[in-house]
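This is what each chain is made of:
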Amino acid sequence: MTDSSTRARELKRAGEVMREFMARAVLFQDAVAKWGGVNSTDLQCAGLLISEGPATPGELAERTGLTAGGAITTVIDRLERQGYVSRDRDPNDRRRVIVTADPEAVFARFGAVYGRVGDRWNAYLETLSDEQLAFANDLFARAAEVNRDEIEHLRAHPGV
């Protein structure tokens with residue numbers, strides 16, 4: 001069992017490490033986007049369309065926190081011009097537009113960077129025991145859940 005000073009020190013360090021990780025993740029995404037000739041928001045939108053599936057512009061705006069209408073339309077326009085997304089009429093309701101990512105186009109441009117990082121992560125993960133890997137997966141899943149909850153809270157309570 002650890003003493004309380006060791007635990008307090010490690011809890012403090014955990015907070016510092018998580019802040020550093022989150023800051024570096026944001027800066028990494030920004031660097032990848034700039035390297036690929038898009039902005040961070042555009043790359044995140046394409047990524048969300050790949051991971052969460054096609055969406056109406058309003059649904060995509062909700063996923064990202066952008067304003068439905070002008071802001072999201074501008075993002076979709078840029079992504080469409082670069083060939084990363086397409087807009088099609090909803091076959092069930094012709095009044096609706098569905099935005100779909102083209103994963104092959106996104107991966108053709110950005111895959112080498114993400115592949116290189118993925119290879120480095122995989123090499124590290126291979127050094128972990130099954131228990132350590134399970135812990136790491138739980139930690140990152142929980143961190144994502146906390147971030148998702150806080151995003152929803154901030155969007156529901158602007159200025160608070």
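Since the model is a prediction, treat every value here as computed from it, not as a measurement. (Residues numbered from 1 in each chain as written. Predicted model: local features only at pLDDT ≥ 70, side-chain atom pairs only at ≥ 80, totals over all residues. Heavy atoms only, no water.)

Draft legend 1. Quick peek at the packing of aromatic side chains. In total, this model carries six aromatic pairs according to the counting rule given. Between Trp121 and Phe140, the aromatic rings sit 6.3 Å apart at their centres with planes inclined by 85°, giving edge-to-face as the arrangement. Linking Trp121 in helix 5 (residues 103-125) with Phe140 in helix 6 (residues 130-156), this pair joins segments that are 19 residues apart in sequence. The exposure class assigned to Trp121 is partly exposed, which follows from its relative accessible area of 39%. Its relative accessible area of 35% is what places Phe140 among the partly exposed residues. (Phe/Tyr/Trp six-rings, centres within 6.5 Å; stacked < 30°, edge-to-face > 60°. Helix = DSSP H or I, 4+ residues; strand = E, 2+ residues; numbered from the N terminus. Buried < 20%, exposed > 50% of the residue type's maximum accessible area, 1.4 Å probe, protein only.)

Draft legend 2. Spotlight on a nonpolar patch on the surface. Residues Phe21, Met22, Trp121, Tyr124 and Phe140 make up a contiguous nonpolar surface patch of roughly 480 Å² in combined accessible area. For the nonpolar patch, the secondary-structure elements that each account for two or more residues are helix 1 (4-35) and helix 5. Locating Phe21 in the fold gives a position in helix 1. Classification of Phe21 as partly exposed rests on a relative accessible area of 38%. (Patch = residues over 30% accessible without salt bridge, like charges linked within 9 Å, V, L, I, M, F, W, Y side chains within 5 Å. Areas by Shrake-Rupley, 256 points an atom, 1.4 Å probe, with all protein chains shown as cover. Salt bridge = Lys/Arg side-chain N within 4 Å of Asp/Glu carboxyl O.)

Draft legend 3. Local environment of the side chain of Asp90. Tracing the chain through its elements places Asp90 in strand 1 (residues 85-90). Contacts of Asp90, omitting those with residues within four sequence positions, involve Arg96 and Ile98. (Contact = heavy atoms within 4.5 Å.)

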